[in-house]
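Listed here are the chains, written in short residue letters.
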Amino acid sequence: MNAATNNSRNGNSSESIKQGFLEHLKYTLGVDEFTTTNHDRFMALSYTVRDRLINQWIKTQQTHHNKNTKRAYYLSLEFLMGRAMGNNIINMQLEDNVSEVLQELGYNLEELEDQEADAGLGNGGLGRLAACFLDSMATMNLPSFGYGIRYDYGIFKQKIDNGYQTEQPDDWLRNGNPWEIERPDVTVKVSFGGRVEAFNEKGKTIYRWMDTNDVIGVAYDMPIAGYGGKTINTLRLWSARAAEEFDFQDFNDGDYVEAVSAKVQAENLTKVLYPNDTLYLGKELRLKQQYFFVACSLNDILRRFRKSEEPWKKFPDYAAIQLNDTHPSIAIPELMRLLMDEENLSWDKAWKITESVMGYTNHTLMPEALEKWPEPMLAKLLPRHLQIILEINRRFLNKAITFFPNDMDKIREISIVEEGNPKQIRMANLCITGSHSTNGVAALHTELLKSRLVPSFAKIFPKRFNTKTNGNTQRRWLLHANPALAALITETIGDEWITNFAQLRKLEAWAEDKNFRTKFQETKLLAKRRLSECVEKKYGIKLNPEAFYNVQIKRMHEYKRQLLNIMQIIMLYNRIRKGNPDNYFPRISIFAGKSAPGYDMAKLIIKLINNVSGIINNDESIKGKIAVYFLADYKVSLAEKIIPATDLSEQISTAGTEASGTGNMKFMCNGAITIGTMDGANVEIVQEAGIENEFIFGLSADEVAELKPTYNPQSYYLEDKEIKEALDMIFNDYFSFSEPGIFEPIKQMIMKDGDKYMHLADLRSYDDAHQRAAAVYEDKDEWNRKAIINIASAGKFSSDRTIAEYAKDIWNLKPCPID
């Protein structure tokens, strides 16, 4: 019996997987063949796969501990993990046996995968990048932990009501999460508020943070399986609990609400991802979230180091802490506080350690997106941290003034404290000052970071700035998301590409093989049919799988220029309805993405897209030659269906605004061709694949900067009849239905407020690029050749390559293979 039970937990054969699956149905879920549901089967299969992770997960941690390895700690407020089951089955190389078992039992793997809620613990590229990095670190046997927040509710569920985005709670945990393990013994006390008192002990000033309001952080662990299932690293997410569940005296006195108020307030900390921060209380909650997860994580990291019994000066030999954007930036003063106030280190020693272990990844080029906190808010919530930040700033400015003598404008620019009423604490300035590395996420991004965003810092710390161009894990975004294409690639060049993406370059020669081009086209048609089935089931929309798929799926923001896309679609619509529709092939334009709840302009652009869709899709005169769809509630699992089906990938941000992009890379390795500006990682995509194999348009970053002071959108509007006609249709209520004037703010933004993101400056060039793309697509064979060259050129854009560079250049981290 024991041997059989052990086999049902550990064996990878079809028989042991079947036994484990049936045992979990019966003994874990308490159902039989007559009462089981698809959700029961999903849970049973998840537990069965998780069983096969557990032994190696424990062995991984034991090996890292026994070998005293250095670990990378990746701190991120977002981890956009998506669904775990399919990815774990792929990485554990169980897919064939799992599929065989389910088929034998009369079940379907894809149907069970659809039962899993997306772990929507992030909003966009930043969170998805973090998820890819975890996959790569495990695959490459790099000892690491991810740290974040276990939000009760993920990024909101997006509904479309009369064309408008509405938000509903994303209760992703409502049916349980089979991949997490609660660690009630791993808890951290986190303090807020109170006051700081200074004491003199033996001639040394000691600071004590007193009279605080405390909450408890509880750890939840998720296994992160590397490909091949050898290294299983950990994503540790923190959930907030009250220090006391309820006040027994208040309860006995009949004040039931007050009795549990502390519990409610504490648990609100990790209730929702990104509370609306347009209000003061929302900002305060967001700051508390950031400190909560940082405090829990650093406490955990230091607890692990203390077990080594090494002196604190050795801490950088055991830990590398990477800050994913400024959200975890409070880690710098928190580590200083822990080292000085709790471990009694001097300022100089604590600062040397802090600088040595911290690395900072910048994700934005827009000054308004750089995080700042009001000084009074920090004084109220984190008084000791504010003291430390102000002392960091004082010491830094004393150094900086030697670089910029008598230039107070420069000193004000680089100060961590921004003067004003109230004063603001600039978290990006803190991150650059308090870490040994600041990296951009594409080559152009880093250059603009140094030359435009923080040039004075680049002068003071020239060796700190470096580039780590983003990447994606090919295991999820090709092997799992596009099985037909993955199988064709493996059949053609072998399977080494799964862990060495540079091997894709071998496909370049096959772009000239007509038979291979035909096979590639067949995989694209299969992907379109798969998407069509998904969209019909989810939205009731029938997509033509024979059409040309033009796709822009990403967070809704003005700089990403979904508005530019819909303007060009209106121009094309006018041509088709005024001309002969038979001269055009059928095209489908797909949009998907969420706007921040308080971002009115982005939400109005969603409304415009939906209204344009309503007009175009119901115009019989154009014979279905163009259709527009906005697919609500964009998430990782939907992206896994859309991206493999795409022909043309829209990467059209104003040059100089997108740090990198990661969607562009996902599309590329799935055989979509990029239409885009020379922005972010598009520049490197062009370098890898050749400009002749993409459709590049618009102003460069330098040209944008040069034109901006004299840019007049009115002149572009008046001088181009097609552009004027398309915009007039928006401005004059052609798409407004029964809401006249609804798009007046768009007119104001474009025509009166200066068109900040230069839509009209690029619109004609963008339309020309679309016409070039259409001309190439008329020759399917030539289109397929270019698409295959894009796949062959995508090898650079693996997160494995990115992580190898982080490990070598920033973390000084070596692989630790697990038996």
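Residues numbered from 1 in each chain as written. Predicted model: local features only at pLDDT ≥ 70, side-chain atom pairs only at ≥ 80, totals over all residues. Heavy atoms only, no water.

**Observations regarding the state of the cysteines**
Note on terminology: a disulfide is the covalent bond linking the sulfur atoms of two cysteines.
Here is step 1: Summed over all chains, the structure comprises zero disulfides.
Here is step 2: Residue Cys 132 stays outside any disulfide, its sulfur separated by 10 Å from that of Cys 669, the closest cysteine.
Here is step 3: Judged by its relative accessible area of 0%, Cys 132 falls in the buried class. (Disulfide = S-S within 2.5 Å. Buried < 20%, exposed > 50% of the residue type's maximum accessible area, 1.4 Å probe, protein only.)

**Quick look at the confidence of the model for the protein**
Here is step 1: Summing up the model confidence of the protein, the mean pLDDT is 95 and the portion of residues at 70 or higher is 97%.
Here is step 2: Low pLDDT (under 50) marks residues 1-5, which in the prediction has two contacts with non-local residues, meaning those over four places away or in another chain. (pLDDT = per-residue confidence, 0-100. Contact = heavy atoms within 4.5 Å.)

**Focus on unusual backbone geometry**
Trans is the common state for peptide bonds, and a negative phi is the common state for residues other than glycine.
Here is step 1: Cis geometry is found at the peptide bond from Asn 421 to Pro 422, where omega equals 5°.
Here is step 2: Here Pro 422 is to be found in the loop between strand S15 (417-418) and strand S16 (424-426).
Here is step 3: The backbone of Asn 162 sits at a positive phi, close to 55°, despite the residue not being glycine.
Here is step 4: Checked against the element boundaries, Asn 162 lands in the loop between strand S5 (157-161) and strand S6 (164-168).
Here is step 5: Of the residues examined, Asn 162 reaches a relative accessible area of 52% and is grouped as exposed. (Helix = DSSP H or I, 4+ residues; strand = E, 2+ residues; numbered from the N terminus.)

**Quick notes on the pairing of strand S13 (residues 358-361)**
Regular strands place side chains that alternate from one sheet face to the opposite one.
Here is step 1: Residues Met 358 and Tyr 360 line one face of S13 and the alternating positions Gly 359 and Thr 361 line the opposite face, and both faces are buried.
Here is step 2: Across four bridges, strand S12 (residues 319-324) lies against S13 in parallel orientation. Note on S13: the bridge partner recorded for Leu 323 is Tyr 360. (Pairing = 2+ DSSP bridges.)

**Comments concerning the pairing of S6**
Here is step 1: Direction of pairing for S5 relative to S6: antiparallel, over a ladder of five bridges. Across the sheet, the residue bridging to Lys 157 is Gln 168, located in S6.

**Some remarks on the packing of helix H32 (residues 759-777) against helix H33 (residues 780-792)**
Here is step 1: In the contact formed by H32 and H33, the axes pass within 6 Å of each other and the chain directions differ by 115°. On the basis of the axis angle, H32 is roughly perpendicular to H33. Within the contact between the two elements, H32 uses Ala 773, Val 776 and Tyr 777 and H33 uses Lys 780, Glu 782, Trp 783 and Lys 786. (Axes fitted to C-alpha atoms, helices over the stretch in contact; angles between N-to-C directions. Parallel < 35°, antiparallel > 145°, perpendicular 65-115°, else oblique.)

**Regarding H32**
Here is step 1: Compared with the 27 Å implied by 1.5 Å per residue over 19 residues, the 25 Å span of H32 between its first and last C-alpha is a close match.
Here is step 2: Of all the bends in H32, the largest measures some 25° and sits at Ser 765. (Expected span 1.5 Å × (residues − 1). Bend = angle between axes of the 7 residues up to and from the residue.)

**Quick word on the sheet that holds strand S20 (residues 587-592)**
Here is step 1: Spatially, six strands are ordered S21-S20-S19-S22-S23-S24 in an open sheet, and the strand pairing comes out parallel. Edge positions in the sheet fall to strand S21 (626-630) and strand S24 (695-696), since each has one partner strand and no second.
Here is step 2: The pairing of strand S19 (residues 548-553) with S20 spans six bridges and is classified as parallel. Bridging across to S20, Gln 552 finds its partner in Phe 591.

**So, the environment of Gln 158**
Here is step 1: Tracing the chain through its elements places Gln 158 in strand S5.
Here is step 2: Not counting residues within four places of it along the chain, the set of residues in contact with Gln 158 comprises Gln 165, Thr 166, Gly 593, Lys 594, Ser 595, Ile 606, Phe 630, Leu 631, Ala 632, Asp 633 and Tyr 634.
Here is step 3: A distance of 2.8 Å separates polar atoms of two side chains, one belonging to Gln 158 and the other to Gln 165.
Here is step 4: At 3.0 Å, the side chain of Gln 158 forms a polar contact with the backbone oxygen of Gly 593. (Polar contact = N/O pair within 3.5 Å; in protein donor to acceptor, adjacent residues only side chain to side chain.)

**Considerations on the sheet that holds strand S18 (residues 465-467)**
Here is step 1: Strand order in this open sheet of nine strands is S7-S10-S11-S4-S1-S12-S13-S17-S18, and the pairing throughout is mixed. Each edge of the sheet is formed by a strand with only one pairing partner; in this case those strands are strand S7 (181-192) and S18. Put simply, the sheet's adjacent strands are angled 25° from each other on average, direction ignored.
Here is step 2: Pairing geometry for strand S1 (residues 71-75) and S12, over five bridges, is parallel. Residue Tyr 74 lies in a different strand from S12, and its bridge partner there is Gln 322.
Here is step 3: On the sheet, helix H12 (residues 331-342) packs against S1, S12 and S13 and is oriented at approximately 170° with respect to S13.

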